[in-house]
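# Summary of the model geometry
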Amino acid sequence: MGCQSSHPSAIPELDEIMLETGFSQASVVRLYDRFQALDKEQKGYLSKYDLQGIGELAVNPLGDRIINAFFKEGEDLTDFRSFIRVLAHFRPVEEGKSNETGRPEPMNSRLRKLQFAFQLYDQDSDGKISRDEMLQVLRLMVGIQVTDEQLVCIAERTIQEADQDGDGAISFEEFATSVEKLNVEQRMSLRLLK
Amino acid sequence: SLILSLLFFHLSHKVTRVVPESALLIVLGLFLGGIVWAADHIASFTLTPNVFFFYLLPPIVLDAGYFMPNKLFFGNLGTILLYAVIGTVWNAATTGMSLYGVYLSGIMGQLDIGLLDFLLFGSLIAAVDPVAVLAVFEEVHVNEVLFIIVFGESLLNDAVTVVLYNVFDSFVAMGADNVTGVDCVKGIVSFFVVSLGGTFVGIVFAFLLSLVTRFTKHVRIIEPGFVFVISYLSYLTAEMLSLSAILAITFCGVCCQKYVKANICDQSSTTVRYTMKMLASGSETIIFMFLGISAVNPDIWTWNTAFILLTLVFISVYRVIGVVIQTWVLNHYRVVQLEIIDQVVMSYGGLRGAVAFALVALLDEKKVKEKNLFVSTTIIVVFFTVIFQGLTIKPLVQWLKVKKSEHREPKLNEKLHGRAFDHILSAVEDISGQIGHNYLRDKWSNFDRKILSKVLMRRSAQKSRDQILNIFHELNLKDAISYVAEGERRGSLAFIRSSSTDNMVNVDFSTPRPSTVEASVSCLLREKASSVCLDMQALEQRRKSIRDTEDTVTHHTLQQYLYKPRQEHIHLYSRHEIIQNEDEKQDKEIFHRTMRKRLESFKSTKLGINQPKKLNKSHKRDRGQKRRNSNAIPNGKIPSENPAPDFTLKEKGIDNPAFSADDDQSIYMKFPPWLTDEDSVVPSQRARVQLPYSPNNFRRLTPFRLSNKSVDSFLLADGPEERPRAFLPETTHM
């Protein structure tokens, strides 16, 4: 697994990637190295097993969900472009950048970060976090000492707190509102990725 | 009185949370010294440099080296070296020169000092002291990178200090007029010789020690002895050769830890650990007390306000400046940046301690006429940094951190989602490879695996390490297969197959077994069981309370039971405790859940038909040889033996399923990820490792959340004394 730095020219679609994701060339190169290191058999793609091979993810409650976020619906392999697209969400937000109208929302904006998180909750992609989905997430994130009844309670309360239109589920807007006080930009940014 | 005070302070944790133990000890020392002086009018004990350097310091440094988190240390080595070398030189030079400058201006009055004396003083007062740093940082929980930088700096700056001190000492002896350029050059060269030589000596002895422990299988009783003796030898040898002894013993500890821990048997390992902690802790206590006692010696007291004040001012100011400049430079090269708060902690945490005092006591009065002044100043500086800075650093840090965070009581959603964000971020960090791939590190780990480990580790230890690799390579495959096979059997009675009844299903947890590990593990089990019940009852009661309090309950439950994200786990180094990783529990739970899910999904995508037979055979073999590592796992063969076409891609994928080498030395390390938290260097030291997840156990895993027991049985059932060792690192070996 000797990792010498890749040459920028070895990376396919480098310019488009940089434009789309906003990463600097150095970051893209670094992530490409990482991609290749994870891709043990040099397939050019990553499979779920490759990502599962990262030990720490197994002790991360949301590990598997996040792995799945890298793969499109029903697919088992992801290429570098998709890989780096996901990571682009976690680029630190540049300060003082005005949001020019007409330009597409940058991938690392607060909105995008929240959308990413929302999609982790909303497994069936119906645009809402139902009670069941909330329950599932809670189950993942909470110790086993908490019983199911407890959990149901907590899930209901959580939904109640955030639900504004009373439909018993949390839409994306409600979700965004419920976390508006949280410093999402900071909490979902990796200093490493610039 | 020493004993009493030791006991007293170790017991009063509440006090030590506010006041660092070192400060208390100094005060106590002062008190005692005062008593003795008042009684006899003589200064009784003083901290003689000899005693300090030969008896008190080595255990502390060895303790630091042996428990050093290597990955972190070497990962930040560049930073550490910069601070240690350049930083110390900067501090020494600026302090010395400034004092000289001030002296020239006459404020200090008439003193019999020259520039060289000032530089000499500067060099001994400049160095950050490892003992003091450790003592204080114990209480202040800073992030691991920061800790390792300050701590590493304090250890490595010894070479610089020694060289500077010796160089200036000899210059002073020669007399200012006789110093030539050649001598300066010699000084610089000697720095390299001393530091590299010291390191080399340390490494040689580490090699020796590892080699020795490889063959001590039959002399287990004295295994711990070897560790201490050989390490101390490294210290003495370096000292004898006028090299940096601290560096020698540090690197001895740092380099040997992995192999020694793998080689020596558990009881020895425990003995070594406890003894080391005991010696280090004892030494530290004695040092600080003696610092206090030695201060009560009126003969040496010379007071020169300007000098003392200015020294204090200069060392603080120049440290801050030095840190800021160096950090600014470093941040260009570092991936993980050092922020303002880090810099504050680094500047403020640059404590001086006993090393400075010992060095100043070593000065020759005839050469350095103002020795007493230096001694007094040093004492005051040390006291100031340890007591005042030690006391205030914790509030300072908290204040700084608090300034940034909000004060509102977060809402339920915020708590939950906030936590989720933290987890997401950790995961993305891991995926994007935060530390990044280091060519050197990979090279080293290859070298280590192929050559070093073969030489230095016992056969058994090597095998077990490889086994873990294989085991985990096989994990998904085998268990998924058996999971499927079980499903095919259709019937709960299938569980109780003859091969399984050997050990799994009917393990009686209550049977006491000889090994200490097992005892603690079954205690853990029982304890967990009872705590579950208690919790459930408590929870039940709470549930019956009125609606209004449901909110508080929910909050409370979430607060208590939400899994913690990674940053909160870490408490790296403790002088007085062997760290128990409480988050192991959390890790285990999550781990089991994750693996189970993965296996389920694997199963649903793959049906292995040919495998069960082979599998059973190997399982039988496995279990029969639970205790003998040598044959343990033919696992390695299974995938290669298996040409079944439907396995192709997936099988390969399984090759690196749960835990493959993600970075450096840690293929085996990575596996039980919680191992990496504490002793990241060590593979499962238990030579008698065996298949941790027997598929049969897996079957028995009823809905995992039902009770802790099932989780524990999952973990433990297959030979409690074996399995936990694979998973629970040394912490269970109490």
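Calculation notes
- Residues numbered from 1 in each chain as written.
- Chains lettered and ligands numbered in written order.
- Predicted model: local features only at pLDDT ≥ 70, side-chain atom pairs only at ≥ 80, totals over all residues.
- Heavy atoms only, no water.
- UniProt positions renumbered as here; feature names shortened; annotations may be inferred.
- pLDDT = per-residue confidence, 0-100.
- Helix = DSSP H or I, 4+ residues; strand = E, 2+ residues; numbered from the N terminus.
- Contact = heavy atoms within 4.5 Å.
- Core = buried A, V, L, I, M, F, W, Y, C linked by side-chain atoms within 4.5 Å.
- Buried < 20%, exposed > 50% of the residue type's maximum accessible area, 1.4 Å probe, protein only.
- Salt bridge = Lys/Arg side-chain N within 4 Å of Asp/Glu carboxyl O.
- Phe/Tyr/Trp six-rings, centres within 6.5 Å; stacked < 30°, edge-to-face > 60°.

An unreviewed UniProt entry annotates chain B as Sodium/hydrogen exchanger of Gopherus agassizii. The UniProt entry for chain B carries this comment under Function (unreviewed entry): "Plasma membrane Na(+)/H(+) antiporter. Exchanges intracellular H(+) ions for extracellular Na(+) in 1:1 stoichiometry, playing a key role in salt and fluid absorption and pH homeostasis. Major apical Na(+)/H(+) exchanger in kidney and intestine playing an important role in renal and intestine Na(+) absorption and blood pressure regulation." Database annotation for chain B, UniProt heading Sequence similarities (unreviewed entry): "Belongs to the monovalent cation:proton antiporter 1 (CPA1) transporter (TC 2.A.36) family."

As recorded in an unreviewed UniProt entry, chain A goes by EF-hand domain-containing protein and comes from Gopherus agassizii.

## Thoughts on the confidence of the model for chain B
Residue and element names in this part refer to chain B. In this model, chain B carries a mean pLDDT of 67, and residues with pLDDT of at least 70 account for 59%. Mean pLDDT across the elements of chain B bottoms out in helix 31 (residues 723-727) (33) and peaks in helix 11 (residues 223-240) (90). Here residues 490-547 is modelled with pLDDT under 50, and outside its nearest four sequence neighbours on either side it reaches 79 contacts, counting other chains as well. Counting contacts from residues 608-734, a segment whose pLDDT is below 50, to residues more than four positions away or on other chains yields 355 contacts. For this predicted complex, the interface confidence score (ipTM) comes to 0.91, while the overall pTM stands at 0.60.

## Description of the nonpolar core
Soluble globular proteins tend to bury their nonpolar side chains together. Within the largest apolar cluster, 126 residues are counted, with the highest numbers of intra-cluster contacts made by Phe52(B), Leu57(B), Met108(B) and Phe137(B). At 18 residues, helix 9 (residues 144-174) of chain B tops the list of elements feeding residues into this core. Non-local contacts of Met108(B), meaning those with residues more than four positions away in its chain, are made with Leu99(B), Val102(B), Tyr103(B), Phe118(B), Asn304(B), Ala306(B), Phe307(B) and Leu310(B). Grouped together as the second largest cluster of nonpolar side chains are 67 residues, Leu31(A), Phe71(A), Phe80(A) and Val184(A) included.

## Some details on the pattern of salt bridges
Residue and element names in this part refer to chain A. Considering all chains together, one arrives at 11 salt bridges over all chains under this definition. As a salt-bridge pair, lysine 128 and aspartate 167 come within 2.8 Å of each other at their nearest N and O atoms. With lysine 128 in strand 3 (residues 128-129) and aspartate 167 in the loop between helix 9 (148-162) and strand 4 (170-171), this residue pair connects regions lying 39 residues apart in the sequence. Note on lysine 128: relative accessible area 30%, which makes it partly exposed. A salt bridge links glutamate 156 to arginine 131; the shortest N-O distance between them is 2.6 Å. You can see glutamate 156 sitting in helix 9 and its partner arginine 131 sitting in helix 8 (residues 131-141), a full 25 residues away along the chain.

## So, the packing of aromatic side chains
Residue and element names in this part refer to chain A. One pass over the full model with this rule turns up 27 aromatic pairs over all chains. Judged by centre distance (5.3 Å) and plane angle (55 degrees), the ring pair of phenylalanine 35 and phenylalanine 83 falls under tilted. Taken together, the positions of phenylalanine 35 in helix 2 (residues 25-38) and phenylalanine 83 in helix 6 (residues 80-88) put the pair 48 residues apart, joining distant regions of the chain. By the burial criterion, phenylalanine 35 is buried, and phenylalanine 83 matches it. Relative to phenylalanine 175, the ring of phenylalanine 172 lies with its centre 6.4 Å away and its plane at 40 degrees, an arrangement referred to as tilted. With a gap of 3 residues between them, phenylalanine 172 and phenylalanine 175 both fall in helix 10 (residues 172-178), about one helical turn apart. Residue class for phenylalanine 172 comes out buried when judged on its relative accessible area of 15%.

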